[in-house]
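Observations on the three-dimensional arrangement
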Amino acid sequence: MELLASLVAEERWLFPAFLVMYAAIYCVGQLLVFRRWAPRQRLDGASCLISLFHGTPAALAAAGAILALPAGSRSFAAPNERLQEHVLDYSVAYFTMDLLHYLAFLPGDVLFIAHHLATLFVFLTCRYIVRHGAYALLVLLVLAEVTSLLQNVWTLAGIWRDQSPAAARVYGALSPPFYVLYTLVRGVAGPFFLLKMAVFYLSGQAVDVIPWWVRISWIVVVGTAIAVSNLWIWNLWKELFRERKQATAKAKKDT
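Just so it is clear, the structure is predicted and the values come from calculations on it, not from any experiment.

Cut-offs applied
- Residues numbered from 1 in each chain as written.
- Predicted model: local features only at pLDDT ≥ 70, side-chain atom pairs only at ≥ 80, totals over all residues.
- Heavy atoms only, no water.
- UniProt positions renumbered as here; feature names shortened; annotations may be inferred.
- Helix = DSSP H or I, 4+ residues; strand = E, 2+ residues; numbered from the N terminus.
- Patch = residues over 30% accessible without salt bridge, like charges linked within 9 Å, V, L, I, M, F, W, Y side chains within 5 Å.
- Areas by Shrake-Rupley, 256 points an atom, 1.4 Å probe, with all protein chains shown as cover.
- Salt bridge = Lys/Arg side-chain N within 4 Å of Asp/Glu carboxyl O.
- Contact = heavy atoms within 4.5 Å.
- Polar contact = N/O pair within 3.5 Å; in protein donor to acceptor, adjacent residues only side chain to side chain.
- Axes fitted to C-alpha atoms, helices over the stretch in contact; angles between N-to-C directions.
- Left-handed = near helix turned anticlockwise from the far one by under 90°.
- Nonpolar A, V, L, I, M, F, W, Y, C, P; charged D, E, K, R; others polar.

Brief notes about the UniProt feature "domain: TLC" (unreviewed entry) in the chain
Within this structure's numbering, the places UniProt gives as "domain: TLC" (unreviewed entry) are residues 40-245. Helix makes up 83% of residues 40-245 and strand 0%. Its end C-alpha atoms lie 31 Å apart.

What about a nonpolar patch on the surface?
Together, Trp13, Phe121, Leu124, Tyr128, Ile129 and Trp213 make up a nonpolar patch on the protein surface, roughly 620 Å² of accessible area in all. Within the secondary structure, Ile129 is located in helix 5 (residues 110-130).

Re the UniProt feature "transmembrane region" (unreviewed entry) in the chain
UniProt tags residues 13-34, 46-69, 99-123, 135-159, 179-200 and 212-234 as "transmembrane region" (unreviewed entry). Annotated as 86% helix and 0% strand, the span residues 13-34 places its first and last C-alpha atoms 32 Å apart. For residues 135-159, helix accounts for 92% and strand for 0%, while the C-alpha atoms at its two ends are 35 Å apart.

Observations regarding the environment of Asn152
One can find Asn152 in helix 7 (residues 148-160). With 102 residues separating them in the primary sequence, Asn152 and Ile50 have C-alpha atoms 9.9 Å apart. Contact partners of Asn152, with chain neighbours within four places excluded, come to Cys48, Ser51 and Leu52. Among the polar contacts listed, one links the side chain of Asn152 to the side chain of Ser51, at a separation of 3.0 Å.

Observations regarding the packing of helix 5 against helix 6 (residues 134-145)
One can describe the packing of helix 5 onto helix 6 by two numbers: an axis separation of 10 Å at closest approach and a directional angle of 145°. Considering how the two elements wind past one another, helix 5 and helix 6 form a crossing that is left-handed. Between helix 5 and helix 6, the residues in contact are Val122, Phe123 and Cys126 and Ala134, Leu137 and Leu141, respectively. Of the residues that constitute the contact of helix 5 with helix 6, the class distribution is 6 nonpolar, no polar and no charged.

Written as structure tokens, this is what we have:
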């Protein structure tokens, strides 16, 4: 709570400091933490490292910024508060750093680049153009990042599972709970909140503060992101069931 209070009182533009912080964390990941990994694994590890420093802190800060508001101010069209804009800048800095990572080292990962560009578009229009609607985006940020810690540990274990039996065990143990949590958040809570957001924005209630093109673009971007996320987790579920089926068949054959 003291940290949130200090952010509320902070009047400086914090994006440059956040970006420098993520750049430093990324360099530590590349040069120290994952220096013994293969080149592609080292790149993925450094990306996961900055995601670890973004996901859970961003979710907690976004939740705190929402709860700090009076109930009457939690509106899809409410003006942004200073704390909300600091939280948005924290996420903008992360997505900027990770986007630079993909553009510099993995330009062929078009899906991730498109995701980061779309996310930055939504955050930047809210933060710097319309200066309204941060409440909606912070709720979405909480939903997007509540799985971040589990996902990044699962991802790191997956990267290293071929070289480490321990990592393979961690990956196998984390897969079911991660898939369940991700499915509940992206398959249930996310679409439900998007529906509420779409109904509000399409009703024209925010017409005086958020232009139509911004509201429609937010709905399209968020809806597309949720759809792609659900397709991704569906494919992971199919792979998990296929592996379990194969393992069961092999066990029966061995006996």
